[in-house]
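Structural overview
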Amino acid sequence: MRPRKKTFFSIAFARNLTVSSRQNSKSNPKFPSSSPTPSPPGLNHLKRDHAKLLRSGEILDTIAAGKLISDIAFSGAANLGYARSLFAWIQSPLNTFMWNSLIRGYAHGDDPREAISLYRQMLANGYLPNNYTFPFILKACTRINDPRVGLGVHGTLIRHGFEDFDPFIQTSLVNFYASCGSIEVAQKLFDRSPQRDVTSWNALIKAYIGCCRFSDAIRVFRLMQDRSNARADEITMLGVVSACAHLGALDMGKWVHAYVDRSRMRLTRNLGTALINMYARCGEIESASFLFREMKDKDIRTWSVMIGGFALNGLANEALDLFSEMQSAGVKPDSVTLTGVLSACSHAGLVQEGMKLFDEMRDLFLVEPTIEHYGCVVDLLGRAGELEEALALIKRMSLKPDVMLWGALLVACRVHKNVEIGEMVAKEMLVLDSQNAGAHVFLSNVYAATGKWDLVEQVRSLMKEQKIRKPPGSSSIELDGVVHEFLSGDTSHPQSDQIYRMLNEIRRRAGLIGHRPATGGVPFDIDEEDKEVCITQHSEKLALAFGLLNTEEGTVIRIVKNLRICEDCHSVMQLVSEVFDRIVVVRDRNRFHHFKNGSCSCRNYW
DNA sequence: ATAGGGTTAG
């Protein structure tokens, strides 16, 4: 704003602004509008409107003043202080619309708690909330980490008679309950919603994704197709594609891709990116790459997803090449991109490249290393056997190590069978999280492997006492669009007898060419999974047998596992790929293993 | 005069 154009009122108000706005409180208190920091976008225009209303006297008109407050409050979080001081200045009676406008602004801003405090003031001052108030305030409630406030708001809206008739409020409630983990309540409220349009369905799909119930998210999508007139839109598809990606459900994912084409939905940048991610997370890296090349406008996410996809599939060189290409294209890598590149290095054992990137992050890419980046590097060093170096890195970093970071080192200690560091790391983890199942299982396995049976008993009884259970190994495999899930030692599947017969057959044929199980007699055995279930019944083996039983010869068998694949399963998969002449693709917690002709794409480095 | 749903990560 040029100084000459300033009106008396805008200057007067700009002063007022410095009192209430945190942003400007550090700049020159006398002439904030001439301070070198640029005004938030649109502020000058709003100040002009404000000045005009003051000159004409229209500021006394409730509707005009309300509109101005609303415009300012929603013009960006930085202007909220301005809106609030105008609100405080208003002489004419306030109204619900003005309160709503401010609450909306704060609900979407940096400090949603302030929306709640305004809402309370509103009620305390005798203003009645209306149907618009509740979506705003519930938005704020989903963003703070305290369900009690939202529960209270729900109570208030019931008292005011707003429950079960307004679809906007109903959807806001679905989001709120989903945000605090009450998916059942969210589902019930959805069921009671009077009209379910595409937004209501999208909210429910997102609710299931939020609690990792991906199959249910897809089930909801199917219900939406079959039982409602709501037409899926781009946001629906983003959710469904994401669910397929998490599940590794390739057939479903392909179907969704075809659906997008068939319904002539535009393949937007977001949807394209989501589909690339889906293909990459289903192990179809060629399809991912093809789609990536097809896409005209890519953003940082598109690049990051593709780089991360190569990393996940163990294609480190492709990831690094694409990283260079991205920079040549003038796209600045962000924190997520670097996570992808570092994990590519870690999966391929490219220690020097990875360390170089890590050292350059701050200065060259202007990305401050986060605990996630440290996680990649600990993984990189640890997997390469440089456990001391990884430990030293954790010790000298300025961030406080979390359980995940120690966990990365623990995994490396297990792989390299390092008891000393491993024991120390497990104990560090238990300090941060005394209930951590992984650390307990590690210790118990270490003590068992080294014959310290009294200590084994101690850990075991402690776990039993505190009801600490490691999540069981689980593998899923998709057949004709249905995802079948197997737990370790599972006998609940209708085909269970056949599956176990097939497992015997696999063992017999593997034995013929010299395979011996990688445990029992092995002196040092500290796998990720509990020893309660025999490794011959690991979930990925059950899924493999199920796949062999139910698919034609030559069909690729795709398995997704929730934990890391164990050594014995890995070698069985290799053997099956040779003996049964099948391509087997396993996505474990960490990465892909593509088995073909008796060997694995990870080259036994994982 | 105002409302609800958004893809990436160890």
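Chain A carries the name DYW domain-containing protein in an unreviewed UniProt entry, which gives Dioscorea zingiberensis as its organism.

This paragraph deals with the overall build of chain A. When helices and strands are tallied, chain A shows 29 helices and six strands. Considering only C-alpha atoms, chain A reaches an extent of 95 × 55 × 55 Å along its principal axes. The 606 residues of chain A split such that 51% are buried. Within chain A, contacts between residues separated by at least 24 positions form 63% of all contacts whose residues are at least 6 apart in sequence. Averaging the locations of the 72 positively and 67 negatively charged side chains of chain A gives two centres separated by 8 Å.

Counting residues in each nonpolar core, the largest one holds 151 residues, and the members touching the most others are Phe-134, Met-237, Leu-357 and Leu-409. The element that contributes the greatest number of residues to this core is helix α11 (residues 198–210), accounting for eight residues. In this structure Phe-134 touches Tyr-119, Pro-129, Val-153, Leu-157, Phe-162 and Ile-169, once residues within four positions along its chain are discounted.

Turning to the state of the cysteines, a few remarks are in order. Per the stated rule, a full pass over the model turns up zero disulfides. Note on Cys-180: no disulfide assigned, nearest cysteine sulfur contributed by Cys-141 at a separation of 9.4 Å. Free of any disulfide, Cys-244 has its nearest neighbouring cysteine sulfur in Cys-282, separated by 7.0 Å. Since its relative accessible area comes to 0%, Cys-244 is described here as buried.

Summarising burial for strand β1 (residues 474–479): six of the six residues are buried, a large majority. Neither face of β1 is exposed, since Ser-474, Ser-476 and Glu-478 on one face and Ser-475, Ile-477 and Leu-479 on the opposite face are all buried. Between β1 and strand β2 (residues 482–487), which pair antiparallel in sequence order, lie two residues; one of them, Asp-480, sits at a positive phi of approximately 50 degrees. Direction of pairing for β1 relative to strand β3 (residues 557–561): antiparallel, over a ladder of two bridges. Pairing of Ser-476 across the sheet is with Val-560, part of β3.

Before going further, it helps to spend a moment on the layout of surface pockets. As a volume, the second largest pocket reaches approximately 870 Å³. Thr-171, Ser-172, Asn-175, Thr-199 and Ala-203 are, among the 31 residues lining the second largest pocket, the residues nearest its centre. It is α11 that contributes the most residues to the lining of the second largest pocket, nine residues altogether. Split by residue class, the lining of the second largest pocket holds 14 nonpolar, 13 polar and four charged.

The next point concerns the domain arrangement of chain A. If you check the domain split of chain A, you get domain 1 (370–470) and domain 2 (475–600). Of note, the centres of domain 1 and domain 2, computed from C-alpha atoms alone, are 26 Å apart.

In this section: the UniProt feature "repeat: PPR" (unreviewed entry) in chain A. As recorded in UniProt, the sites labelled "repeat: PPR" (unreviewed entry) are residues 95–129, 197–227, 299–333 and 334–364. Between the C-alpha atoms that bound residues 95–129 there is a distance of 10 Å. The span itself is 74% helix and 0% strand. The distance from the first to the last C-alpha atom of residues 299–333 is 10 Å, and the span holds 74% helix and 0% strand.

What follows deals with the packing of aromatic side chains. Within the structure shown, the criterion is met by 13 aromatic pairs. Taking the centre distance of 4.9 Å and the plane angle of 70 degrees together, the rings of Phe-176 and Tyr-177 count as edge-to-face. For the residue pair Phe-176 and Tyr-177, the accessibility class agrees, reading buried in each case. Each ring, one from Phe-221 and one from Tyr-259, has its centre 6.0 Å from the other, and the planes form 85 degrees; the classification is edge-to-face. Placement of Phe-221 in helix α12 (residues 214–227) and of Tyr-259 in helix α14 (residues 250–262) is noted, with a sequence separation of 38 residues between them. Both residues of the pair, Phe-221 and Tyr-259, count as buried. Site record: aromatic cluster; members linked through ring pairs are Phe-87, Trp-99 and Tyr-127. The aromatic ring of Tyr-208 is capped on one face by Arg-219, whose charged end is 5.9 Å from the ring centroid.

Phi is positive for Arg-264, close to 50 degrees, though the residue is something other than glycine. Relative to the elements of secondary structure, Arg-264 occurs in the loop between α14 and α15 (269–281).

The next subject is empty space enclosed by the protein. Tallied over the full model, the rule gives three cavities of 30 Å³ or more. Quantified by volume, the largest cavity comes out at close to 110 Å³. If you go around the largest cavity, you meet 11 residues; those closest to its centre are Ile-506, Arg-507, Lys-541, Asp-568 and Val-572. When contributions to the lining of the largest cavity are tallied by element, the ones reaching two or more residues are α27 (496–512), α28 (539–550) and α29 (567–579). With four residues, the top contributor of residues to the lining of the largest cavity is α27.

What follows is about the protein's contact with DNA strand B. Surveying the vicinity of DNA strand B reveals 42 residues, the closest of which are Phe-97, Asn-202, Asp-233, Asn-270 and Arg-301. A breakdown of the atoms of DNA strand B within 4 Å of the protein gives sugar and phosphate a share of 35%. Asp-197 is positioned such that a nitrogen or oxygen atom in its side chain is 2.8 Å from a base nitrogen of DNA strand B. Of the residues belonging to the surface near DNA strand B, the class tally is 15 nonpolar, 17 polar and 10 charged.

Thresholds applied
Residues numbered from 1 in each chain as written. Chains lettered and ligands numbered in written order. Predicted model: local features only at pLDDT ≥ 70, side-chain atom pairs only at ≥ 80, totals over all residues. Heavy atoms only, no water. Helix = DSSP H or I, 4+ residues; strand = E, 2+ residues; numbered from the N terminus. Buried < 20%, exposed > 50% of the residue type's maximum accessible area, 1.4 Å probe, protein only. Contact = heavy atoms within 4.5 Å. Lys, Arg positive; Asp, Glu negative; His and termini not counted. Charge placed at Lys NZ, Arg CZ, Asp CG, Glu CD. Core = buried A, V, L, I, M, F, W, Y, C linked by side-chain atoms within 4.5 Å. Disulfide = S-S within 2.5 Å. Pairing = 2+ DSSP bridges. 1 Å grid on protein atoms, 1.4 Å probe; cavity = no way out; pocket = protein on both sides within 12 Å on 5 of 7 lines; lining within 4 Å. Points joined across faces, edges and corners; volume = space filled by probe spheres on them. Nonpolar A, V, L, I, M, F, W, Y, C, P; charged D, E, K, R; others polar. Domains from an automatic or database assignment. UniProt positions renumbered as here; feature names shortened; annotations may be inferred. Phe/Tyr/Trp six-rings, centres within 6.5 Å; stacked < 30°, edge-to-face > 60°. Lys NZ or Arg CZ within 6 Å of the ring centre and 35° of its normal. Near = heavy atom within 4 Å. Polar contact = N/O pair within 3.5 Å; in protein donor to acceptor, adjacent residues only side chain to side chain.

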